[in-house]
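Spelled out, the chains give:
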Amino acid sequence: MKDLHATLKVFSPGYQATEWGFSYNQIVDLQTALAQPYRIAVMPVFYSLANKFDYRPEYMQIPLHEFDLVLFTDIEWHSKKELVAWIETTGVKNWLLHTAGIWLDEPDDPRVIYRPAWSFNFLRWNPPRLDFPLDRPYAFECLLGARREHRDFAMLSMQQSNLLEQGIVTYRDLFVGHWIDQTPERVAKQFGNTTLQYPYVSPHLDPAWEVKENMDNTVSGLVPWEIYNRTWFSVICETLGKDRVFLSAEKMAKCLQARRLFVVFAIQGFLQHYRDWGFETFGDVLDESYDKTPDDIARWHSAFEQVQWLCSQDLPALLQKLKPRLDHNHNRLYEFEQEKTQQLQDFVVDHLK
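Residues numbered from 1 in each chain as written. Predicted model: local features only at pLDDT ≥ 70, side-chain atom pairs only at ≥ 80, totals over all residues. Heavy atoms only, no water.

### Thoughts on the nonpolar core
Core analysis: the biggest nonpolar cluster contains 69 residues, and F140, F233 and F265 have the highest contact counts within it. Not counting chain neighbours up to four residues away, the residues in contact with F233 comprise A139, F140, E141, R260, L261, V307, L310, C311 and L315. The next biggest cluster of nonpolar side chains, apart from the first, holds 23 residues, and it includes M43, V45, W86 and V112. (Core = buried A, V, L, I, M, F, W, Y, C linked by side-chain atoms within 4.5 Å. Buried < 20%, exposed > 50% of the residue type's maximum accessible area, 1.4 Å probe, protein only. Contact = heavy atoms within 4.5 Å.)

Okay, structure coming up:
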């Protein structure tokens, strides 16, 4: 199967073919693709919808009906129901779909395959490093990104517990895609008269430690090595912090690649997904029962209690104890990427028969 996949030539107007395990030298122009024994096109979803990010009206002129198989790619977290409904508008009959999110209450579909796109694509642009200084002045880093409810909760928790001085914290307004402009009531009432500090950058964050000289919303794809090397663990506020949609974004992948200890603010069961994939979390050190808590506020409270507890520990000794596990997670990330790539390649070949 792998040998056949490597011989295929496909049409892809963008980078989407690489999401399916094709190399760039397998991407050819339209006429060449249609002259192949197996005629395959790789397309982004929603290119015909003006209200979507991937809107490309020129793609509507591509004769997809002439292909034997069309592979559609979604790198966000749309539901299968919405995606399949849109695919049906294209007139394509033989298709497969790659998704980057999992709606946990949706049934499986044999035409749909999952790949954590944001986690794996990040690996292409960020080679690993092995410098792990033993002198780190701050306990943790928490780089919050675009504004979300669970991120407001984490920021307010750090403010109210006076932990900001122990970490490197940013909550910037330079990220697009924010979902809230004010703290939701169910979060605000947890913190009384505490006023959210937003935007916020730790005063002790040296600009030389940033990943770019001019910070913009592209920094989320880069590993903040200089910040990691001055902190002992990470507070991750994932893209999604509530409801029943699982997304494995680059935030977690950074920590796995960089051999980080972490506490996660995310949806219920987020850590269990990673354990199911063969990663090892820290339930023997932390109380990770927060991951099972269905109530969002209670789950985030419990997660923050673990942040507080870690800040009171001998972190250099703890990290030394956890080193074999952190090494395992680093290695597992690359193994998992290879496994998923092979799974995608086999999935395509199986549907050519």
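### Remarks on helix α12 (residues 315-350)
With 36 residues, α12 should cover 52 Å at 1.5 Å per step; its first-to-last C-alpha distance of 49 Å lies within 8% of that length. A bend of about 55° at L322 is the largest found in α12, and the proline P324 appears one to four places after it. (Helix = DSSP H or I, 4+ residues; strand = E, 2+ residues; numbered from the N terminus. Expected span 1.5 Å × (residues − 1). Bend = angle between axes of the 7 residues up to and from the residue.)

### Points about unusual backbone geometry
Look at the link from Y198 to P199: it is a cis peptide, with omega at -5°. Relative to the helices and strands, P199 is located in the loop between α7 (185-188) and β10 (200-201). Even without being a glycine, F46 presents a positive backbone phi close to 65°. With respect to the element layout, F46 can be found in the loop between β3 (40-44) and β4 (69-73). Judged by its relative accessible area of 2%, F46 is buried. Even without glycine at this site, N162 takes up a positive phi of about 60°. Along the polypeptide, N162 turns up in the loop between α6 (149-160) and β9 (167-171). The class of N162 is exposed, set by a relative accessible area of 63%.

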